[in-house]
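These are the residues of each chain, in order.
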Amino acid sequence: MQACATMSRVLPTVAAVAPVTHHPHSVLPRHLRLSNLPPSLTATTHTRTFCGRFFSPFNFRPVSGPEKATAGLGGFDVIGDGGSMLQDAGATALVIAGAYTLVSTFNFLSERKLIEQNLSRKLVHILSGLLFMASWPIFSTSGWARYFASVVPLTNCLRLVIHGLSFATDEGLIKSVTREGRPEELLRGPLYYVLVLILSAVLFWRESPVGVISVAIMCGGDGIADIVGRRFGSTKIPYNKQKSWAGSLSMFVLGSLVSIGMLYYFSALGYFHLDWVSTVEKVALVSLVATMVESLPITGMVDDNISVPLASMIVASLAFGY
Ligand SMILES: Nc1ccn([C@@H]2O[C@H](COP(=O)(O)OP(=O)(O)OP(=O)(O)O)[C@@H](O)[C@H]2O)c(=O)n1
Ligand SMILES: C/C(=C\CO)CCC[C@H](C)CCC[C@H](C)CCCC(C)C
């Protein structure tokens, strides 16, 4: 307790900002449930502790003492489970509304020729996943929060399937997210995209840099490659004349920068603390491999929205020890 007292006295904010979510069916003894993260992510000795006063960036009240830290479903005591369920339900509804608003906004802009249709689609590609990830901190620290959050891409998955199979028609959606305006296009790139978001939220959530990096590279990296490549990609890649050095270079750079930016965002909110020198090196490696995979002439067999995040998840899992 002395260490905890010291920690909370010296670093009351830092000592309290590391929200954890232990898995509801954890078989670990109680005292080990306070952290889901491997030591490599808590390398710096004075940044993480699970004692002293606990706060979550968006929870309603602090709790104190390690005995409280595993109360409820999450790593923190919330105002009863009803409080976190209400918070998560509200957050889910808000983000679903945000998704609908984003797609409708870009449809409005492209319909009025205020923005070129393909650029509109790419901006939806870039912004949807990044804004979805950015919304994760408004969900509670309950063990169910990740599943509530995954309802957002799941809702859009159903929307894409319904309109992709032409059970209903949503011209705005089709124009906003398809290349040629055909409903069946919704069942490929866009559908794989939202499935990746579901996987990242459920498998990795706010606890691991792997999901954050994979979504950041799929959205920021792959998205910018198209925008830059179409405009400046005169020098084509020798083994794939459909892709260019400019597109691939922009994917590597922006994929790395957006990943680091999103990791900083979650670190600043206390979700994990990273050794930044090694993290930048690992992110660059992940982005390089993802860029190389994206440049391969395999789009006809495997969509970029599958190959890029899958390659990122594999390399990031190996690099970060997950
Ligand atoms: N490394 C890259 C990636 C893309 N592009 C340019 O962007 C266009 C579209 O890229 P592509 O990866 O095929 O688009 P998708 O990711 O498949 O997206 P969508 O199918 O939604 O267009 C390519 O034809 C090319 O002009 C490029 O020059 N270099
Ligand atoms: C054009 C796209 C992929 C093809 O490469 C992106 C499709 C986007 C989906 C139609 C909508 C996805 C919405 C997100 C799951 C949630 C975004 C929430 C945020 C607050 C805007």
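Residues numbered from 1 in each chain as written. Chains lettered and ligands numbered in written order. Predicted model: local features only at pLDDT ≥ 70, side-chain atom pairs only at ≥ 80, totals over all residues. Heavy atoms only, no water.

By the naming in an unreviewed UniProt entry, the protein goes by phytol kinase and is assigned to Anisodus acutangulus. A UniProt comment under Pathway (unreviewed entry) is attached to the protein, and it reads "Cofactor biosynthesis; tocopherol biosynthesis." Taken directly from UniProt, the Subcellular location (unreviewed entry) text for the protein runs: "Plastid, Chloroplast membrane". (UniProt positions renumbered as here; feature names shortened; annotations may be inferred.)

Glancing now at the UniProt feature "transmembrane region" (unreviewed entry) in the protein. When the UniProt feature table is mapped onto this chain numbering, "transmembrane region" (unreviewed entry) sits at residues 89-110, 122-139, 186-205 and 249-272. Across residues 249-272, helical content stands at 83% and strand content at 0%; the span's end C-alpha atoms are separated by 29 Å. (Helix = DSSP H or I, 4+ residues; strand = E, 2+ residues; numbered from the N terminus.)

For the rest of this paragraph, the subject is the nonpolar core. If you look at the biggest cluster of nonpolar residues, it comprises 59 residues, and the most contacted ones within it are L130, F132, M133, W136, F139 and M262. With 12 residues, the top contributor of residues to this core is helix α9 (residues 209-232). (Core = buried A, V, L, I, M, F, W, Y, C linked by side-chain atoms within 4.5 Å. Buried < 20%, exposed > 50% of the residue type's maximum accessible area, 1.4 Å probe, protein only.)

Turning our attention to the site of ligand 1. For ligand 1, the set of nearby residues contains 15 residues, the closest of which are R121, K122, R179, S244 and D304. With respect to ligand 1, the side chain of S244 contributes an N or O atom lying 2.8 Å from an oxygen atom. D304 is positioned with one of its side-chain polar atoms (N or O) 2.9 Å from an oxygen atom of ligand 1. Burial of ligand 1 by the protein amounts to 84% of the accessible area it has alone, namely 580 Å². When contributions to the shell around ligand 1 are tallied by element, the ones reaching two or more residues are α5 (117-134), α9, β4 (240-244) and α10 (245-268). Here the element with the most residues in the shell around ligand 1 is α9; it accounts for five residues. Grouping the amino acids of the shell around ligand 1 by side-chain chemistry returns one nonpolar, five polar and nine charged. (Near = heavy atom within 4 Å. Polar contact = N/O pair within 3.5 Å; in protein donor to acceptor, adjacent residues only side chain to side chain. Areas by Shrake-Rupley, 256 points an atom, 1.4 Å probe, with all protein chains shown as cover. Nonpolar A, V, L, I, M, F, W, Y, C, P; charged D, E, K, R; others polar.)

Not every one of the 19 residues close to ligand 2 is listed here, only the nearest: H125, S128, N156, L197 and N305. Measuring from an oxygen atom of ligand 2, one finds a side-chain N or O atom of N305 at 3.0 Å. In the complex, 95% of the free accessible area of ligand 2, which totals 610 Å², lies under the protein chains. Its residues assigned to classes, the shell around ligand 2 shows 12 nonpolar, six polar and one charged.

Across all of its chains, the model carries nine aromatic pairs by this definition. Between the aromatic rings of F132 and W136, the centroid separation amounts to 5.7 Å while the plane-to-plane angle is 90°, which identifies the pairing as edge-to-face. Exposure class is identical for F132 and W136. Each is buried. Three or more aromatic residues link up through ring pairs in this structure, and these residues are F132, W136, F139, W205, Y265, F266, Y271 and F272. (Phe/Tyr/Trp six-rings, centres within 6.5 Å; stacked < 30°, edge-to-face > 60°.)

When charged atoms on two side chains of opposite charge get close, those side chains can pair. Inspection of the entire model under this criterion finds 11 salt bridges. Between K122 and D226 there is a salt bridge whose closest N-O contact spans 3.6 Å. Of the two residues, K122 is situated in helix α5 and D226 in helix α9; the sequence distance between them amounts to 104 residues. For K243, the salt bridge identified is with D304, shortest N-O distance 3.7 Å. Of the two residues, K243 sits in strand β4 while D304 sits in helix α12 (residues 304-319), which places them 61 residues apart along the sequence. Three or more residues joined by partner-sharing salt bridges are found here, namely E111, R112 and K175. (Salt bridge = Lys/Arg side-chain N within 4 Å of Asp/Glu carboxyl O.)

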